[in-house]
Amino acid sequence: MDAGILYAIQQLTGPPWLDGLMAGLSWIGNNGMIWILLAVFLLIYPKTRISGAACAVALLLSLLLCNLILKNMVARLRPYDVLSWLQPLVPPLTDFSFPSGHASASFAAATAIALSGMGKRWVVPAFALAALISFSRLYTGMHYPTDVLGGAALGVLCGILAWLAAKRWLKGLSPP
C-alpha cells in the first residue's frame, strides 16, 4: 500500500517549478532549520518567549526520539533503495527512513506553537508549512507515506510533551 500511494504521488508530474518548490520545501526542513530559526525568533521577545521555549524543547525531543532512537531501531530502508522505479528529486541520504525527521520536527514545532496560545495568525501558517514540508518528502521520493504519518504523529506528541513541560515550568515560577 505504501509503495502504491508513493507511486501515485510520483505520477503527479507537474511543471518544473513545482519540482523546484517541493525540493525547496524539503531543503528548508533539513535539520529542522526553519523551525530552529523560528524558535530563536520567538525566544528573543518576552511576549513569545514561552512559545519559543516550548518550540525548542519540542524540537529537541523530536531529534532524540526520531533521529537518534526510532530511525535506528526500526532501520527501514528509504524508498529509493527498494523501489527501482523511484528517482529521488533531491540527493539521496544515508540514514534510515522511518519516521520522517522533517515531519516530526515540523509537527513538533507547529504543535508547540498552537498549544502555547499564539493564535491563528501563527498556528495556521505553522501547520500549513508543516504539512507542505511533510508532503515534499513524499513528492521528492525521500519517504514512504507511513514514514511521514509516523513522523507527524511523533511530532505532535513531542509538541504536547514540550508544552506540558513549559506549563509545569511556568507554574513553578509563579508566586503561590
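You'll find the structure just up there.
What counts, and at which threshold
Numbering of residues begins from 1 in every chain and follows the order in which that chain's sequence is written. Given that the model is predicted, a residue must reach a pLDDT of at least 70 before its local features are reported, and side-chain atom pairs must reach 80 or more before they are shown or counted; all residues, however, enter totals for whole chains, interfaces and linings. Each side-chain value is worked out from all heavy atoms of the structure, with water and hydrogens disregarded. Helix numbering and strand numbering both begin at the N terminus, where a helix is a DSSP run of H or I of at least 4 residues and a strand a DSSP run of E of at least 2. Partly exposed describes any residue whose relative accessible area lies between the buried limit of under 20% and the exposed limit of over 50%, with all areas from a 1.4 Å probe on protein chains only and scaled to the type maximum. Patch criteria: residues need more than 30% relative accessible area and no salt bridge. Like-charged residues are merged within 9 Å; nonpolar side chains of Val, Leu, Ile, Met, Phe, Trp and Tyr are merged within 5 Å. Exposure was quantified through the Shrake-Rupley algorithm and a 1.4 Å probe, taking into account, for residues, occlusion by the shown protein chains and nothing else. Salt bridge criterion: a side-chain nitrogen from Lys or Arg within 4 Å of a carboxyl oxygen from Asp or Glu. Here an axis means a line fitted to C-alpha atoms, over the contact stretch when the element is a helix, while the angle between two N-to-C directions is reported on a 0 to 180 degree scale. The labels follow the angle: roughly parallel below 35 degrees, roughly antiparallel above 145, roughly perpendicular from 65 to 115, and oblique for the rest. Handedness of a crossing is defined here by the sense of rotation of the near helix relative to the far one, left-handed for an anticlockwise turn of less than a right angle and right-handed for a clockwise turn. Two residues qualify as a contact provided that any one of their heavy atoms is within 4.5 Å of a heavy atom in the partner residue. Ten residues, namely Ala, Val, Leu, Ile, Met, Phe, Trp, Tyr, Cys and Pro, are considered nonpolar, four, namely Asp, Glu, Lys and Arg, are considered charged, and the remaining ones, Gly among them, are considered polar. When the centres of two rings from Phe, Tyr and Trp lie within 6.5 Å, Trp using its six-membered ring, the rings pair. Their planes under 30 degrees apart give stacked, over 60 give edge-to-face, and anything left gives tilted. Nonpolar cores were defined as sets of buried Ala, Val, Leu, Ile, Met, Phe, Trp, Tyr and Cys residues, with membership established by side-chain atoms within 4.5 Å. Multiplying 1.5 Å by the residue count of a helix minus one yields the expected span of that helix. Here a polar contact means two N or O atoms within 3.5 Å. Within protein one must be a hydrogen donor candidate and the other an acceptor candidate, and residues neighboring in sequence count only if both atoms are side-chain atoms.

Let us now look at unusual backbone geometry. Looking along the chain, the bond that leaves F98 and enters P99 is cis, with omega of -10 degrees. Tracing the backbone shows P99 in the loop between α5 (79-82) and α6 (101-115). Phi at N31 takes a positive value of approximately 55 degrees, unusual for a residue other than glycine. Exposure remark for N31: the relative accessible area of 71% places this residue in the exposed category.

Taken together, the side chains of M33, I36, L37, V40, F41, I44 and Y45 make up a nonpolar region of the molecular surface, amounting to roughly 640 Å² of accessible area. Inspection of the secondary structure puts L37 in helix α3 (residues 33-44).

What follows covers the packing of α3 against helix α7 (residues 120-139). In helix packing, the relevant descriptors are the interaxial angle and the interaxial distance, both defined with respect to the helix axes. Remark: α3 packs on α7, axes separated minimally by 12 Å, with the N-to-C direction vectors making an angle of 160 degrees. Considered as vectors, α3 and α7 are oriented roughly antiparallel to each other. Between α3 and α7 the crossing geometry is left-handed. Of α7, the residues touching α3 (which contributes I34, W35, L38, F41 and L42) are W122, A126, L129, A130 and I133. Of the residues belonging to the contact of α3 with α7, the class tally is 10 nonpolar, no polar and no charged.

Our focus in this paragraph is the packing of aromatic side chains. Applying the stated criterion to the full structure yields 5 aromatic pairs. Measuring from centroid to centroid gives 4.9 Å for Y7 and W85, while their planes differ by 90 degrees, and the two rings are edge-to-face. Of this pair, Y7 sits in helix α1 (residues 2-10) while W85 sits in the loop between α5 and α6, and the two are 78 residues apart along the sequence. In textbook terms, an aromatic cluster arises when at least three aromatic residues are bridged by ring pairs, as seen for F41, Y45 and W122.

Moving on, we get to the nonpolar core. W35, C55, L59 and I113 are the most contacted members of the largest nonpolar core, which totals 17 residues. Counting residues per element, the ones that place at least two in this core are α3, α4 (49-74), α6 and α7. The leading source of residues in this core is α6, at 5 residues. Y80, L83, L86 and Y144 belong to the second largest nonpolar core, which has 11 residues in total.

On to α6. With 15 residues, α6 extends 21 Å from end C-alpha to end C-alpha; this agrees with the ideal 21 Å at 1.5 Å per step. Extensive coverage of α6 is indicated by the burial of 13 of its 15 residues. The N-terminus of α6 is capped by S100, whose side-chain oxygen sits 3.4 Å from the backbone nitrogen of H102. Phi turns positive one or two residues past the end of α6, at G117, with a value near 75 degrees.

The subject of this paragraph is the pattern of salt bridges. As enumerated under the stated definition, the model contains 4 salt bridges in all. Here D95 and K71 are joined by a salt bridge, their closest N and O atoms 3.9 Å apart. Of this pair, D95 sits in the loop between α5 and α6 while K71 sits in helix α4, and the two are 24 residues apart along the sequence. Among the residues examined, K71 registers a relative accessible area of 3% and is labelled buried. Residues R78 and D95 are paired through a salt bridge, measuring 2.6 Å at the closest nitrogen-oxygen approach. Pair noted here: R78 is in the loop between α4 and α5 and D95 is in the loop between α5 and α6, with a separation of 17 residues, a long-range link. Salt bridges sharing partners connect three or more residues here, namely D2, R76 and D147.

Below, the discussion takes up the side chain of S100. Along the polypeptide, S100 turns up in the loop between α5 and α6. The class of S100 is buried, set by a relative accessible area of 0%. Beyond its immediate stretch of four places on either side in the chain, S100 contacts C66, K71, R137, H143, D147, V148 and G151.

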